[in-house]
Amino acid sequence: GDSVTQMEGPVTLSEEAFLTINCTYTATGYPSLFWYVQYPGEGLQLLLKATKADDKGSNKGFEATYRKETTSFHLEKGSVQVSDSAVYFCALSARSNDYKLSFGAGTTVTVRA
Amino acid sequence: KAGVTQTPRYLIKTRGQQVTLSCSPISGHRSVSWYQQTPGQGLQFLFEYFSETQRNKGNFPGRFSGRQFSNSRSEMNVSTLELGDSALYLCASSLYGGLDYGYTFGSGTRLTVV
């Protein structure tokens, strides 16, 4: 079935460092891809999405590009802040999966001042 | 506009009891999905309702059930609670579900079974 694999954490960075979280997927057909963020004690917030190959999603300084050739959707941010400390989830939704979201395991990111 | 509202935020129940959780989606959204989040299993899909019909179901026992009302509000019920049902239960709403629309999540209901 459709699945998502993302890099394991935890990831600890200093402020203004560059962040990359790797995400690869397996899916039949052409899924939509998402990054969600979860702050402590809260639900999930949609960070960005891409619905077709070569689309770039971006929001709040985060970016991810839908790479069909490498089945990847890596999340990047050029200069992180303490407020970016959270758990990040990569997810996909596909017709073959009846549109439900399939999530990766999540990556915990801690940014130190 | 109002977001996805889940009530209650916290619940403590005893093994063997049953529990009902509620989710009010964003106005106009017709799809409501439920997910269970645990440290061990991560985020797992429970079921999705669309226009009062269950459209999709995950691999959970029959103790887990749900329904959706004509105003798109949804409830999920867990009967005969087990310790392993302790989790954060998240509800997500979407215009139609599917490929092109993001899902908006509520803050969740934290269920503790003792």
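Everything here concerns the structure above.
Residues numbered from 1 in each chain as written. Chains lettered and ligands numbered in written order. Predicted model: local features only at pLDDT ≥ 70, side-chain atom pairs only at ≥ 80, totals over all residues. Heavy atoms only, no water.

Comments concerning the nonpolar core
Residues and elements named next belong to chain A.
Here comes step 1: Among the nonpolar cores identified, the biggest contains 27 residues, and Leu19, Trp35, Leu48, Phe73, Leu75, Tyr88 and Val109 are the most heavily contacted of them.
Here comes step 2: Secondary-structure elements contributing two or more residues to this core are strand S2 (11-14), strand S3 (19-21), strand S4 (23-26), strand S5 (32-38), strand S6 (44-50), strand S8 (62-65), strand S10 (86-93) and strand S12 (107-112).
Here comes step 3: Per-element accounting of this core gives the leading share, four residues, to S10.
Here comes step 4: Excluding residues that lie within four positions of it along the chain, Val109 makes contacts with Val11, Leu13, Leu19, Ile21, Asp84, Ser85, Ala86 and Tyr88. (Core = buried A, V, L, I, M, F, W, Y, C linked by side-chain atoms within 4.5 Å. Buried < 20%, exposed > 50% of the residue type's maximum accessible area, 1.4 Å probe, protein only. Helix = DSSP H or I, 4+ residues; strand = E, 2+ residues; numbered from the N terminus. Contact = heavy atoms within 4.5 Å.)

So, the sheet that holds strand S9 (residues 75-77) of chain A
Residues and elements named next belong to chain A.
Here comes step 1: Pairing is antiparallel across the open sheet formed by four strands, whose spatial order is S3-S9-S8-S7. Every other strand in the sheet has two partners, leaving S3 and strand S7 (56-59) as the edge strands with one partner each. Ignoring which end each strand starts from, the neighbouring axes of this sheet average 15 degrees apart. (Pairing = 2+ DSSP bridges. Axes fitted to C-alpha atoms, helices over the stretch in contact; angles between N-to-C directions.)

Section: the packing of aromatic side chains
Here comes step 1: One pass over the full model with this rule turns up twelve aromatic pairs over all chains.
Here comes step 2: Each ring, one from Phe89 of chain A and one from Phe103 of chain A, has its centre 6.2 Å from the other, and the planes form 85 degrees; the classification is edge-to-face. With a gap of 14 residues between them, Phe89 of chain A in strand S10 and Phe103 of chain A in strand S11 (residues 101-103) connect regions that are remote in the sequence. In this pair, the class of Phe89 of chain A matches that of Phe103 of chain A, namely buried.
Here comes step 3: Centroid distance Phe60 of chain B to Phe64 of chain B: 5.2 Å. Interplanar angle 65 degrees. Geometry classified as edge-to-face. The exposure classification of Phe60 of chain B matches that of Phe64 of chain B, with both residues buried.
Here comes step 4: Three or more aromatic residues joined by ring pairs form one cluster here, namely Phe34, Tyr36, Phe89 and Phe103 of chain A together with Tyr35, Phe45 and Phe105 of chain B.
Here comes step 5: Over the face of the ring belonging to Phe50 of chain B we find Arg55 of chain B, whose NZ or CZ atom lies 4.4 Å from the ring centre. (Phe/Tyr/Trp six-rings, centres within 6.5 Å; stacked < 30°, edge-to-face > 60°. Lys NZ or Arg CZ within 6 Å of the ring centre and 35° of its normal.)

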